[in-house]
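# Results of the structural survey
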Amino acid sequence: MSVKLSVSALAIAAVAATSAAARDQVQIAGSSTVLPYASIVAEAFGENFDFPTPVVESGGSSAGLKRFCEGVGENTIDIANASRRIKDNELKTCSENGVSEVIEVRIGYDGIVFASDIQGNGFEFTPSDWFLALSDQIMMNGQLVDNPNKTWADVNPGFPAQPLQAFVPGTKHGTREVFEDKVILAGCESTGAFEHILSGVEGDSDKAKKKAAEKACIALRTDGVSVDIDGDYTETLARIESNKDGIGVFGLAFYENNTDKLQVATMSGVVPSTDSIADGEYPVSRPLFFYVKKAHIGVIPGLKEYTEFFTADEIAGPDGPLAEYGLVSDPDLTETQNSVSDGTILGSNM
């Protein structure tokens, strides 16, 4: 990702940073996937340092980054947690609002898993299965038609005739974007629907046509089969507990901490696990991040220390508490530690 951040007026940044000094507690918001990891670190930080325990809120990656990019000063958050990489347009908004120096911290990796009630049917999925289950239109007899599938047996004859019901992350969650890209879009391509859609798209460039076709591919049905969950994974779990036919999209760590209630499906023949994610075998995984407002370092007490503590071997390494909870340790953690120590900002080495 190549990013050019415009430099905000130093006077504005200085005034805002000065006002931030009135607050002595690190404030964090964003991804519900990163939330449990950040909460573990925040609690340990408060117990081991002479700083107040950081305040960690959820809300989703997009919502957290939006708050992060509102500006600098005590009324803005210091860190945004994200289950996806920050987008160029979000960095542009940050820069326009005076957040011209952003530190990216990759904390490790997580998988997206498909889990259902532990007493229910087991599944061995492919991306094609999920596309055929949830897409608003699918290919039948060489044509795109409104999705008529009602059961998993309609999707795949090898599946049970269980009513289709899926609980997927809402659009403000970073998990939703990974789900769309690595599952729904992949299924659209493998079923031949993408090429069919692309052939009918009008546009000024191949890039624009491809983007339009991808957008059409990831459009989900709106008849109640696919339900957006705007809350965190506990809400998804509650939906499954009240509807035993439901299948939910979760982060691996959440599933692993609820194996008494949930069973997990394979994806493309691979069982999701920390090992299959670490070696790249499991196809639906992603890096996890948090973003630090550099203008607040040295102004908000404990911000730099929290960032360094989070990425320490003892915390984010393979034998630390985050790995114990379910995080797949980053094999390049030392590189991240160096970037944090140096305060390397996005765009500075690109």
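As the structure is a prediction and not an experimental result, all values here were calculated from the model.

In total, this model carries 17 salt bridges according to the counting rule given. For Arg-84, the salt bridge goes to Glu-177, with nearest N and O atoms at 3.1 Å. Separated by 93 residues along the polypeptide, Arg-84 in the loop between β3 (79–82) and α4 (88–96) and Glu-177 in helix α7 (residues 174–190) bring together distant segments of the chain. Given a relative accessible area of 23%, Glu-177 falls into the partly exposed group. With a shortest N-O distance of 2.5 Å, Lys-92 and Glu-96 are connected by a salt bridge. Here Lys-92 and its partner Glu-96 are both found in helix α4, 4 residues apart, which amounts to about one turn of the helix. With a relative accessible area of 54%, Glu-96 lands in the exposed category.

A word on the state of the cysteines. On inspection of all chains with the given rule, the structure shows 2 disulfides. The disulfide that involves Cys-69 links it to Cys-94, with 2.0 Å between the sulfurs. Sign of the S-S torsion, about -70 degrees for the bond between Cys-69 and Cys-94, identifies this disulfide as left-handed. With Cys-69 in the loop between α3 (61–68) and β3 and Cys-94 in helix α4, the pair connects residues that are 25 residues apart, well separated along the chain. The burial state of Cys-69 is the same as that of Cys-94; both residues are buried. Once the bonded cysteines of the chain are numbered in order along the sequence, the disulfide links fall as 1-2, 3-4.

Let us now look at the confidence of the model for the chain. Looking at the chain as a whole, its pLDDT mean stands at 91, while 93% of the residues score no less than 70. Predicted confidence for residues 1–21 stays below pLDDT 50, and this span has 38 contacts to residues more than four positions away or in other chains.

Core analysis: the biggest nonpolar cluster contains 51 residues, and Phe-114, Phe-125, Trp-130, Leu-134, Trp-152, Phe-179 and Phe-250 have the highest contact counts within it. Element by element, the count of residues in this core is highest for α7, at 6 residues.

Cut-offs used in this document
Residue positions are counted from 1 within each chain, in the order its sequence is given. Per-residue local features of the predicted model are confined to residues with pLDDT of at least 70, and side-chain atom pairs are confined, for both listing and counting, to 80 or more; whole-chain, interface and lining totals are unaffected and use all residues. Heavy atoms from the whole structure form the basis of all side-chain values; hydrogens and water molecules are not counted. Whenever Lys or Arg places a side-chain nitrogen within 4 Å of a carboxyl oxygen from Asp or Glu, that contact is recorded as a salt bridge. The secondary structure listing takes helices from DSSP runs of H or I that are at least 4 residues long and strands from runs of E that are at least 2 residues long, numbered from the N terminus. Relative accessible area decides the class of each residue, using a 1.4 Å probe on protein chains only: under 20% of the type maximum gives buried, over 50% gives exposed, and in between gives partly exposed. Disulfides are defined as pairs of cysteine sulfur atoms found within 2.5 Å of each other. Known as pLDDT, the predictor's per-residue confidence is scaled from 0 to 100. Only heavy atoms matter for contacts: two residues are in contact if any of them lie within 4.5 Å across the pair. Throughout this description, the term nonpolar core refers to a set of buried Ala, Val, Leu, Ile, Met, Phe, Trp, Tyr and Cys residues connected via side-chain atoms within 4.5 Å.

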